[in-house]
Amino acid sequence: MVTLGLLHALKGVGPYTAAAIASFAFDLPYAVVDGNVLRVLSRYTGDATPIDTSAGKKKYTALAGVLLDKDQPGTYNQAIMDFGAVICRPQNPLCTSCVQREDCQAYRTERVSGLPIKEKILRKTRRWFYYFMVET
Ligand code: SF4
């Protein structure tokens, strides 16, 4: 019998892939948590816990598990990932036509563009290289 632990033990299979295989291929009740899902959950709940911290990942993963439709885990996982990719997208989310806007805390409190929060912001570093070119 396939279990999440068994899938996770495979080389190169992390939590996301293990949950995806378990739910899509075997209809097992595990929530897939990718960037799209993290963004949807943060905005929908209005939670400002950074999504890229271990505390944030733990919190949103637990919430994703609670919200998961245990009878149709594969369909639910695909739906929330697609929702994040197409409707609740990172830039210019389609809030005015979103079916969740009445209950979405980010929308209700006008914090959509501020969520989710990321703690680690990529910093661009300017580097200079000096070199000699020798012609013979
Ligand atoms: S109302 Fe906007 S922010 Fe809220 S879930 Fe819908 S698309 Fe996402």
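Everything that follows concerns the structure shown earlier in this document.
Residues numbered from 1 in each chain as written. Predicted model: local features only at pLDDT ≥ 70, side-chain atom pairs only at ≥ 80, totals over all residues. Heavy atoms only, no water.

With that settled, the discussion passes to the nonpolar core. Counting residues in each nonpolar core, the largest one holds 17 residues, and the members touching the most others are Val32, Val37, Val40, Leu41, Tyr60, Ile80 and Phe83. By residue number, the principal contributor to this core is helix H3 (residues 35-45), which donates four residues. (Core = buried A, V, L, I, M, F, W, Y, C linked by side-chain atoms within 4.5 Å. Buried < 20%, exposed > 50% of the residue type's maximum accessible area, 1.4 Å probe, protein only. Helix = DSSP H or I, 4+ residues; strand = E, 2+ residues; numbered from the N terminus.)

Another aspect to go through is the packing of H3 against helix H5 (residues 73-86). It is the contact of H3 with H5, at a shortest axis distance of 8 Å, that shows an interaxial angle of 80°. Judged on the interaxial angle alone, H5 and H3 are roughly perpendicular. On the side of H3, the interface is formed by Asn36, Val37, Arg39, Val40 and Leu41, while H5 contributes Ile80, Met81, Phe83, Gly84 and Ala85. A class-by-class count of the residues in the contact of H3 with H5 yields seven nonpolar, two polar and one charged. (Axes fitted to C-alpha atoms, helices over the stretch in contact; angles between N-to-C directions. Parallel < 35°, antiparallel > 145°, perpendicular 65-115°, else oblique. Contact = heavy atoms within 4.5 Å. Nonpolar A, V, L, I, M, F, W, Y, C, P; charged D, E, K, R; others polar.)

Once that is clear, we can look at the side chain of Asp34. Checked against the element boundaries, Asp34 lands in the loop between helix H2 (15-26) and H3. Of the buried charged residues, Asp34 lacks a salt bridge, with Arg39 as the closest side chain of opposite charge at 7.2 Å. (Lys, Arg positive; Asp, Glu negative; His and termini not counted. Salt bridge = Lys/Arg side-chain N within 4 Å of Asp/Glu carboxyl O.)

In the structure shown here, the tally under the stated rule is one salt bridge. When the shortest N-O distance is used, the salt bridge between Lys59 and Asp47 registers 2.9 Å. Taken together, the residues span a long stretch of sequence, with Lys59 in helix H4 (residues 54-67) and Asp47 in the loop between H3 and H4 at a distance of 12 residues. With relative accessibility at 16%, the residue Asp47 sits in the buried group.

A few words now on the environment of Phe26. Counting through the fold element by element, Phe26 comes out in helix H2. For Phe26, a relative accessible area of 43% translates into the label partly exposed. Separated by 107 residues in sequence, Phe26 and Met133 place their C-alpha atoms 60 Å apart. If sequence neighbours within four positions are ignored, Phe26 has contacts with Val2 and Ile21.

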